[in-house]
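These are the residues of each chain, in order.
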Amino acid sequence: MSKSLILASCLLAAGGLTLASTAPASLAWGQGRAKSGAKVTGTITGTIKFSGKAPVRKMVDTSSDPVCGSGQEADKVVVTKGKLRDVHVRIKSGTAGTHKAPNASIVIDQVGCVYQPHVVGAMVGQPVAVRNSDKTMHNVHAYIANETWFNRSQPAGAPAIVERDTGVAGEVFELKCNVHPWMDSYVPLTDHPYFDVSDSKGSFSIKNVPAGTYTLEAWHPKLGLKSSRVTVGRKGAKVTFRYP
Ligand SMILES: [Cu+2]
């Protein structure tokens with residue numbers, strides 16, 4: 001090996017060391033690259049299990065508004081064959097880079113005096129559209145961190161209320177209805193697109209996650225927060241959360 005080559009390799013090694021010791025923690029994430037130079041991504045899939053006896057889903061007294069019908073559930077812990085619905089699963093933080101919120105709105109509808117869906121994720125700055133499909137008046141009262149974000153009545157046939165959310169990542173905004181006190185919906189906010197909400201089979205799927213090791217969080221409005229470490233590679237990763 002010539003002198004200059006040795007010098008070059010020493011410099012390279014030193015450069016590598018310097019990089020490793022000064023790189024911010026966030027750069028340690030999502031840095032996996034295939035040999036072609038393309039970013040390595042994977043899908044995180046998983047299941048939310050609920051063990052033990054599922055809570056009884058009570059009926060709500062909707063007699064104050066005949067349009068609402070009957071059969072609404074007061075307790076929103078929805079368990080089907082040991083699987084839990086409405087759990088927002090997200091990477092806690094630290095995915096490399098910044099992510100622009102989509103211009104497409106998150107849509108929440110009011111059907112039979114129930115917000116649908118009950119839990120839906122949004123990115124900070126993403127528009128949220130609240131529709132009224134009922135032949136009755138609702139009053140959409142939205143809160144962020146227990147403070148009113150907006151409070152607007154929405155008669156039957158009125159157009160959707162569209163607002164761009166103004167929260168910060170990690171906050172949850174909650175929709176209530178001032179006319180029908182049993183109505184509620186929750187929108188956890190993230191500054192990245194790596195989230196999903198479990199369906200009635202307890203399943204979730206988070207696509208295109210840059211390879212790396214993350215803290216994955218699961219959050220349910222009534223049952224709270226769980227977390228798990230997950231390493232995502234080309235083949236993705238599988239995670240199970242257990243409630244309560
Ligand atoms: Cu209402």
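Everything numeric here is computed off the predicted structure, so don't read it as measured data.

Novice: Explain the overall build of the protein chain to me, using residue names and the numbers behind them.
Specialist: Looking only at helices and strands, the protein chain has one helix and 18 strands in total. Classification of the 244 residues of the protein chain by burial places 29% in the buried group. Contacts spanning at least 24 positions in sequence make up 65% of the contacts within the protein chain whose residues lie at least 6 apart.

Novice: Describe the sheet that holds strand β12 (residues 172-177), and please don't skip the residues or the numbers.
Specialist: Pairing is mixed in the open sheet, where five strands are placed in the order β7-β13-β12-β9-β10. At either margin of the open sheet sits one strand with a lone partner, and together these are β7 (122-123) and β10 (147-154). With two bridges connecting them, β7 and strand β13 (residues 184-190) associate as parallel partners. Along β13, the bridge assignment pairs Met123 with Thr190.

Novice: Tell me what's going on with unusual backbone geometry, and back it up with residues and numbers.
Specialist: Geometrically, the link from Gln116 to Pro117 is a cis peptide bond, its omega value of -5 degrees lying close to zero. Mapped onto the secondary structure, Pro117 falls in the loop between β6 (115-116) and β7. The omega angle of the peptide bond from Tyr243 to Pro244 is 0 degrees, so this bond is cis rather than trans. Among the structural elements, Pro244 can be located in the segment after β18 (237-243). One non-glycine residue with positive phi stands out, namely Asp86, at about 70 degrees. Looking at the element boundaries, Asp86 is found in the loop between β3 (83-84) and β4 (88-91). Since 24 C-beta atoms lie within 10 Å of it, Asp86 is described here as buried. For Ala145, which is not glycine, the phi dihedral falls at a positive 50 degrees.

Novice: Help me get a handle on the confidence of the model for the protein chain, residues and values and all.
Specialist: In the predicted model, the protein chain carries a mean pLDDT of 85, and 84% of its residues have values of at least 70. Of the regions scoring below 50 in pLDDT, residues 1-35 engages in 24 contacts with residues more than four places distant in sequence or in other chains.

Novice: Give me the lowdown on the environment of Gln126, citing residues and values where you can.
Specialist: Its place among the elements puts Gln126 in the loop between β7 and β8 (127-132). Residue Gln126 is classed as buried on the basis of its 20 C-beta neighbours within 10 Å. Each C-alpha atom of the pair Gln126 and Asn103 lies 6.3 Å from the other, and the pair is 23 residues apart in sequence. The contacts of Gln126, once residues within four sequence positions are left out, are Ala101, Pro102, Ile106 and Asp165.

Novice: Explain the environment of Asn139 residue by residue, including any values.
Specialist: With respect to the helices, strands and loops of the structure, Asn139 is situated in strand β9 (residues 138-144). Distance in space between the C-alpha atoms of Asn139 and Cys177 is 5.1 Å, their sequence separation being 38 residues. Not counting the four nearest positions on each side in its chain, Asn139 is found in contact with Ser153, Gln154, Cys177, Asn178 and Val179.

Novice: Give a description of the nonpolar core that names residues and reports values.
Specialist: A general trend in soluble globular proteins is that nonpolar side chains are found buried together. Counting 42 residues, the largest nonpolar core has Ile44, Val87, Val89, Ile206 and Val232 as its most contacted members. Counting residues per element, this core draws most heavily on strand β16 (residues 212-220), at four residues. Residues from two domains meet in this core; each of domain 1 (31-99 + 192-244) and domain 2 (101-188) gives at least three. Ignoring sequence-local partners within four residues, the contact set of Val232 consists of Gly42, Ile44, Val209, Ala211, Gly212, Tyr214 and Ala237.

Novice: Explain the sheet that holds strand β17 (residues 224-232) residue by residue, including any values.
Specialist: Strand order in the open sheet formed by four strands is β14-β4-β16-β17, and the pairing between neighbours is antiparallel. The open sheet has two edge strands with one neighbour each: β14 (195-197) and β17. The sheet shows a mean angle of 20 degrees between the axes of neighbouring strands, taken without regard to direction. By the bridge criterion, three bridges tie β4 to β14 in an arrangement that is antiparallel. Looking at β14, one finds that Arg90 is bridged to Phe195.

Reading guide: rules and limits
- Residues numbered from 1 in each chain as written.
- Predicted model: local features only at pLDDT ≥ 70, side-chain atom pairs only at ≥ 80, totals over all residues.
- Helix = DSSP H or I, 4+ residues; strand = E, 2+ residues; numbered from the N terminus.
- Buried ≥ 20, exposed ≤ 12 C-beta atoms within 10 Å, placed from the backbone.
- Contact = placed C-beta atoms within 7 Å.
- Pairing = 2+ DSSP bridges.
- pLDDT = per-residue confidence, 0-100.
- Core = buried A, V, L, I, M, F, W, Y, C linked by C-beta atoms within 7 Å.
- Domains from an automatic or database assignment.
- Axes fitted to C-alpha atoms, helices over the stretch in contact; angles between N-to-C directions.

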